[in-house]
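# Architecture and fold: a report
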Amino acid sequence: MSAATLSRLFPDLTATARVLRPALWTHLFPSEQQDACPPVTVALQHVPGLHQLALAVFPETDPNQPIRYPVLLFIALFGLAVGIVGFALIPPKLWTWRRAFLLFAGMNLAGISCHCLAPLNSRQMSFGWAADVACTGSSSFYLILATLYHPRPLSWTPENDAQHTSIPPDQKSLALQAHLLTAILFSFSHIGLSNSHQGFRIPFTSEIVYLAITALAGAVMTLKLVAPSWTKSETEMGISSIGFLALNAAACSVAISLVLAVPIEQTMCSSRLNTEVSASILSVKEVGILHIFFLGCTLAFLSLLCYIRIGGYGCERKTKKE
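Predicted model only: the values in this text are computed from it and were never measured. (Residues numbered from 1 in each chain as written. Predicted model: local features only at pLDDT ≥ 70, side-chain atom pairs only at ≥ 80, totals over all residues. Heavy atoms only, no water.)

## Structural notes on the overall build of the protein
Broken down by element type, the protein carries 15 helices and two strands. The buried share of the protein, reckoned over its 322 residues, is 48%. Taking as baseline every contact in the protein between residues at least 6 positions apart, the subset at least 24 positions apart corresponds to 77%. Summing over all exposed atoms, the protein offers an accessible surface of approximately 15700 Å²; the carbon and sulfur share of this is 68%. (Helix = DSSP H or I, 4+ residues; strand = E, 2+ residues; numbered from the N terminus. Buried < 20%, exposed > 50% of the residue type's maximum accessible area, 1.4 Å probe, protein only. Contact = heavy atoms within 4.5 Å. Areas by Shrake-Rupley, 256 points an atom, 1.4 Å probe, with all protein chains shown as cover.)

## Some points on the layout of surface pockets
Here the largest pocket is characterised by a volume of approximately 1200 Å³. If you go around the largest pocket, you meet 46 residues; those closest to its centre are L211, T214, V254, L258 and F293. Of all elements in the fold, only helix 1 (3-9), helix 2 (11-20), helix 3 (22-28), helix 7 (95-117), helix 8 (123-149), helix 11 (205-231), helix 13 (241-274) and helix 14 (289-310) reach the threshold of two or more residues within the lining of the largest pocket. (1 Å grid on protein atoms, 1.4 Å probe; cavity = no way out; pocket = protein on both sides within 12 Å on 5 of 7 lines; lining within 4 Å. Points joined across faces, edges and corners; volume = space filled by probe spheres on them.)

## Regarding the packing of helix 11 against helix 13
Contact geometry of helix 11 with helix 13 gives a least axis separation of 10 Å together with a crossing angle of 130°. The pairing of helix 11 with helix 13 is recorded here as oblique in orientation. Handedness of the crossing formed by helix 11 with helix 13: left-handed. In contact with L225, V226, S229 and W230 of helix 11, helix 13 contributes F244, L247, N248 and A251. (Axes fitted to C-alpha atoms, helices over the stretch in contact; angles between N-to-C directions. Parallel < 35°, antiparallel > 145°, perpendicular 65-115°, else oblique. Left-handed = near helix turned anticlockwise from the far one by under 90°.)

## Description of the packing of helix 10 (residues 172-193) against helix 11
For any two helices packed against each other, the geometry is given by the interaxial angle and the distance between the axes. Between helix 10 and helix 11, whose axes approach to 9 Å, the crossing angle comes to 140°. Here helix 10 is positioned oblique relative to helix 11, judged by the angle of their axes. On helix 11, the residues that touch L185, F188, S189, G192 and L193 of helix 10 are T205, S206, V209 and I213. Here the residues of the contact of helix 10 with helix 11 sort into five nonpolar, four polar and no charged. (Nonpolar A, V, L, I, M, F, W, Y, C, P; charged D, E, K, R; others polar.)

## Some details on the nonpolar core
Residues W97, F101, W129, Y142, L143, L304 and Y307 are the most contacted members of the largest nonpolar core, which totals 77 residues. Not counting the four nearest positions on each side in its chain, F101 is found in contact with V82, G83, G86, F87, I90, F301, L304, L305 and I308. (Core = buried A, V, L, I, M, F, W, Y, C linked by side-chain atoms within 4.5 Å.)

## With respect to the packing of aromatic side chains
Per the stated rule, a full pass over the model turns up eleven aromatic pairs. Here the aromatic rings of W97 and Y307 are separated by 6.5 Å at their centres, their planes lie at 65°, and the arrangement is edge-to-face. With a gap of 210 residues between them, W97 in helix 7 and Y307 in helix 14 connect regions that are remote in the sequence. Across the pair, exposure class does not vary: W97 and Y307 are buried alike. (Phe/Tyr/Trp six-rings, centres within 6.5 Å; stacked < 30°, edge-to-face > 60°.)

## Considerations on the state of the cysteines
Applying the stated criterion across every chain, the model contains one disulfide. The disulfide partner of C37 is C269, and the gap between their sulfur atoms is 2.0 Å. The chirality of the disulfide connecting C37 with C269 is right-handed, given an S-S dihedral of about 95°. Remark: C269 occurs in helix 13 and C37 occurs in the loop between helix 4 (31-36) and strand 1 (41-43); sequence separation between them is 232 residues. Assessed through its relative accessible area of 0%, C269 is described here as buried. Cysteine C116 shares no disulfide, and the gap to the nearest cysteine sulfur, in C114, comes to 8.8 Å. Classification of C116 by relative accessible area gives buried; the value is 1%. (Disulfide = S-S within 2.5 Å.)

## Some details on the environment of A246
Relative to the helices and strands, A246 resides in helix 13. Residue classification places A246 among the buried residues on the basis of a relative accessible area of 9%. For the pair A246 and L302, spaced 56 residues apart in sequence, the C-alpha separation works out to 8.7 Å. Those residues in contact with A246, other than ones at most four positions away along the chain, are S303, C306 and Y307.

## Section: empty space enclosed by the protein
Regions of empty space are outlined by a rolling probe, equal in size to a water molecule, passed over the atoms. Under the definition given, this model contains one cavity of 30 Å³ or more. As for the largest cavity, its lining consists of T5, R8, P39, R68, Y69, H115, L120 and M125.

## Overview of the confidence of the model for the protein
Here the protein shows a mean pLDDT of 86. Residues at 70 or above account for 89%. Below a pLDDT of 50 lies the segment residues 316-322, which in the model reaches five contacts outside its immediate sequence neighbourhood of four places, other chains included. (pLDDT = per-residue confidence, 0-100.)

Here's what the structure looks like:
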């Protein structure tokens, strides 16, 4: 199922894996399953709810528009909503978190275009993937900054929100520099990937901007936020029990998605081989690595939103009492 998709999105990494660890690659992505379980594609008019929504927003929508991975489309819409809500609810003082959520919304929007709507190997898909890579890498970059500069959540009250309506003066220079680096990531991704449908790309663009920066963000957040929460008291961390649970829920969401993505895909594909996937309804049997990764990231961002907004509730009073 996902071998062809991963090879298309991360061509240099997958080619290296095939050369260095061919047995492992074959074990993770058996050729017989990849051939027998292509991406599920249905017409827009057969996707419950989405057809009516599309017609309400765009009356001239073609009902026969092919939708690849319809379940993934709904997961990405959920992620888009989480990103937008997070951006709206997080005050400007926590600009690092705010931008991370906005770019996460962009990642999901670009993912819808790239993975679900655009024809394979088309210009639209190349542009969508370039935007997906840029948004993902940039969001991860802001998560790193958030961990380093805004690690403590808010102790939420309306009065606190009134005090957090702008970027702190001593961080405006950093915010501008972060903007410039984000622009560089977008430019690099666009130059390196937007013409890949014509055979031109800069090697390892996806791997560096998407995978490397995201992996670095995961490592920094684990070392600076998650791991200390296991050994330090809530007062030392400046978080409440809700904050502790939300922070670790975010980490678990990503970890579980990474561990279970391949086994779930193999199980779903085996199930598809035994029964036919209906073209008229959504089917969980299409679920694969992309679905699990998108869902894991969305649940992680939803948990982080809880951590940021209410993860410090009551901590100020505890500190004053002590």
